[in-house]
Amino acid sequence: MSFDWIINIISNNWPMFLRGAGMTLYISIIGTIVGTIIGLLVGVIRTIPMPDVGVKRVVLKIVNIVLSIYIEIFRGTPMIVQAMVIYYGSALALGVDMNRLTAALFIVSVNTGAYMSEIVRGGIVSIDKGQFEAAHAIGMNHVQTMKNVVLPQVIRNILPATGNEFVINIKDTSVLNVISVTELYFQTKSISGNNFRYFESFFVACVLYFIMTFTVTRILRYIERKLDGPENYIMYANQMQVETPEDIMRKTKYNDVKQH
Amino acid sequence: MEKVIDIQHLRKSFGTHEVLKDIDFSVNKGEVVCIIGSSGSGKSTLLRCVNLLEKPSGGQIIYNGENILDDGHNINEYRTKLGMVFQQFNLFNNHNVLNNCVVGQTTVLKRSEEEAKEIAMKYLKIVEMDQYINAKPRQLSGGQKQRVAIARALSMEPDVMLFDEPTSALDPEMVGEVLKVMKDLAGTGLTMLIVTHEMEFAKEVADRVVFMDEGIIAEEGRPEEIFNNPKEQRTKEFLKRTLKRM
């Protein structure tokens, strides 16, 4: 009976499942964060306005070409192949025996970075031109404009896409089993290899994957709502500091009722 | 009189379309200059060329005795001396009202946080937006946004304030509050360069009115001369068209 087997497998192998899930989360969190940072840097560099003449123009052109190559190659090849090429290639070509976990983090990061670069660029391009003009009119340079005005808005706008990348990473770290990284898929494969109960073992993995992705999307939705803040500005909220949060809540609700 | 900005032979083309044709124009210290003219006459482009949001195709912009179009001139430093107010407000959406007025001072002018806040509050009081310091731009009405935008520009304590059709994107009932703020500012001896469609306002506030048509300055002079006794035929026609509607 399958259900008994599932209970049996969980009670016998739960530490392995948990360690696998932990590894999967670890790689995908680090990969998403580092990938996002890469994406932000590349996005900012790729949107530097092109000077008309001079050395700067040549340098910027070359940098842009290199970045385009990076993005196209990592978006245009499967991560499972990148994993093989980078892990075994580094050993063969450079004589470096890469730690499997380091290799995994590296692969997921640069892969996510390639996707995030385009997401960030899209985010920057979609910001109203007036925001750039206002910042420039105040005397800010490109970096100051990006740091103080544009990127905070971009980060808010790309949050859904970043969450998407995170979810994809949780699932796609499973391909790293080809270089024997002990993430959830690899662990499940080991477990099922011992008990020959493939359906039951992978069903447990399936549930674990879903719990991870679902929790992540919920958390990100919550952060999004938090960042957006309320629609209306309650003037007395910052004037009368003796007011309790409950009073403010009541007033907000009252305002909402009035509006609808 | 001391010239703050002196523009000589300014030209600007977009592709083959020549928007500004050999403009000679200057703003004196403490003067309020209103630029009027029909849409497409180049008045906004002229204003945007003054703070280099549009790169002029030719000519000179003399500020403090230096041509700021010369190579190697620090454009960002020059821009801090000009306060710009946009038609679409362009408040920084990610900052609240107070930070909108602070962020430029701290990052560009390197003022301390406390000093910047003090200065920002001073100008927010002038535009009567000091009660809204924690509000985000999207929580404000158009008129309120524009008043914050004026305070933001003033917080940089510029030599000249540039206004690019500051009331054109506002609902009619909000135009008054913005014009009142601008009128008060004009009374303080601030140097102002205003592109506007508000003829009554220009008549009342301006020391000098510039009428632009098809990329040239067709006529300029004291407001009473321009509005009551225009010399050029096209000025007469423009005024007849716009004043009839009011």
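Residues numbered from 1 in each chain as written. Chains lettered and ligands numbered in written order. Predicted model: local features only at pLDDT ≥ 70, side-chain atom pairs only at ≥ 80, totals over all residues. Heavy atoms only, no water.

Caption draft 1: Seen up close, the overall build of chain A. Each helix and strand counted, chain A has nine helices and zero strands in total. Across chain A, helices and strands are ordered from the amino to the carboxyl terminus as α-α-α-α-α-α-α-α-α. Taken over 260 residues, chain A has a buried fraction of 40%. Expressed as a percentage of contacts within chain A between residues at least 6 apart in sequence, the contacts between residues at least 24 apart total 74%. (Helix = DSSP H or I, 4+ residues; strand = E, 2+ residues; numbered from the N terminus. Buried < 20%, exposed > 50% of the residue type's maximum accessible area, 1.4 Å probe, protein only. Contact = heavy atoms within 4.5 Å.)

Caption draft 2: How the structure looks around the overall build of chain B. Secondary structure assignment for chain B yields nine helices and ten strands. Relative to the compact-globule value of 18 Å for 246 residues, chain B shows a C-alpha radius of gyration of 18 Å, a close match. Summarising its shape, the C-alpha atoms of chain B cover approximately 55 × 45 × 35 Å along the three principal directions. In chain B, which comprises 246 residues, the proportion classed as buried is 57%. For chain B, long-range pairs separated by at least 24 residues make up 66% of all intrachain contacts whose partners lie at least 6 apart in sequence. Split by element, the accessible area of chain B, about 10,800 Å² in all, is 43% carbon and sulfur. (Rg over C-alpha atoms; globule rule 2.2 N^0.38 Å. Areas by Shrake-Rupley, 256 points an atom, 1.4 Å probe, with all protein chains shown as cover.)

Caption draft 3: Region of interest: the pattern of salt bridges. Summed over the entire model, instances satisfying the criterion amount to 19 salt bridges over all chains. Across the salt bridge formed by E133 of chain A and R48 of chain B, the nearest N and O atoms sit 2.6 Å from each other. Of the two residues, E133 of chain A is situated in helix α5 (residues 129-138) and R48 of chain B in helix α1 (residues 43-50); the pairing between them involves two chains. Here R48 of chain B ties to E54 of chain B by a salt bridge, and the two come within 3.1 Å at their closest N and O atoms. Counted as one network, the salt bridges with shared partners bring together K129 and E133 of chain A together with R48 and E54 of chain B. (Salt bridge = Lys/Arg side-chain N within 4 Å of Asp/Glu carboxyl O.)

Caption draft 4: Layout of the side chain of R79 of chain B. Among the structural elements, R79 of chain B can be located in helix α2 (residues 75-80). Here R79 of chain B is buried and forms no salt bridge, its nearest opposite-charge partner E133 of chain A lying at an N-O distance of 8.8 Å. There is a polar contact of 3.0 Å between the side chain of R79 of chain B and the backbone oxygen of N51 of chain B. Setting aside residues no more than four positions away along its own chain, R79 of chain B makes contact with H136, A137 and G139 of chain A together with N51, L52 and L53 of chain B. (Lys, Arg positive; Asp, Glu negative; His and termini not counted. Polar contact = N/O pair within 3.5 Å; in protein donor to acceptor, adjacent residues only side chain to side chain.)

Caption draft 5: Examining the sheet that holds strand β4 (residues 58-63) of chain B more closely. Residues and elements named next belong to chain B. One open sheet holds the four strands; their spatial order is β2-β1-β4-β5, and the pairing between them is antiparallel. Each edge of the sheet is formed by a strand with only one pairing partner; in this case those strands are β2 (17-28) and β5 (66-67). As paired strands, β4 and β5 are joined by two bridges and run antiparallel to one another. Residue pairing in the sheet places Y63 in a bridge with E66 of β5. Along the sheet, α1 contacts β1 (3-14), β2 and β4; its crossing angle with β1, the most-contacted strand, is approximately 120 degrees. (Pairing = 2+ DSSP bridges. Axes fitted to C-alpha atoms, helices over the stretch in contact; angles between N-to-C directions.)

Caption draft 6: Representation of the confidence of the model for chain A in the model. Residue and element names in this part refer to chain A. In the predicted model, chain A carries a mean pLDDT of 87, and 88% of its residues have values of at least 70. Averaged pLDDT values for the elements of chain A fall to 50 in helix α9 (residues 245-259) and rise to 95 in α5. Confidence over residues 237-245 falls short of pLDDT 50; this stretch has nine contacts with residues more than four positions distant or in other chains. (pLDDT = per-residue confidence, 0-100.)

Caption draft 7: Seen up close, the packing of aromatic side chains. Residues and elements named next belong to chain B. Tallied over the entire structure, the rule returns seven aromatic pairs over all chains. Here F211 and F238 contribute two aromatic rings whose centre-to-centre distance is 5.1 Å and whose plane-to-plane angle is 40 degrees, an arrangement assigned as tilted. A residue pair is termed long-range when its members are at least 10 positions apart, and F211 in strand β9 (residues 208-213) and F238 in helix α9 (residues 233-245) qualify at 27 residues. For the residue pair F211 and F238, the accessibility class agrees, reading buried in each case. Over the ring of F92 we find R152; its NZ or CZ atom is 4.6 Å from the centre of that ring. (Phe/Tyr/Trp six-rings, centres within 6.5 Å; stacked < 30°, edge-to-face > 60°. Lys NZ or Arg CZ within 6 Å of the ring centre and 35° of its normal.)

Caption draft 8: Region of the structure containing the nonpolar core. Residues and elements named next belong to chain B. Counting residues in hydrophobic clusters, the biggest one holds 52 residues, and the most contacted among them are I150, M161, F163, M182 and M192. No other element matches helix α6 (residues 172-187), which puts eight residues into this core. Formed by 51 residues, the second largest nonpolar core is a distinct cluster that contains I5, L46, C49 and V108. (Core = buried A, V, L, I, M, F, W, Y, C linked by side-chain atoms within 4.5 Å.)

Caption draft 9: The sheet that holds strand β8 (residues 191-195) of chain B, seen in detail. All names here are of chain B. The strand order across the open sheet built from six strands is β6-β7-β8-β3-β9-β10, with neighbouring strands paired in mixed fashion. The open sheet terminates on both sides in strands that have one partner only, identified here as β6 (82-85) and β10 (216-221). This sheet shows a mean twist of 20 degrees between the axes of neighbouring strands, independent of strand direction. Here helix α5 (residues 142-155) sits on the sheet in contact with β6 and β7 (160-164), set at roughly 170 degrees to β6.

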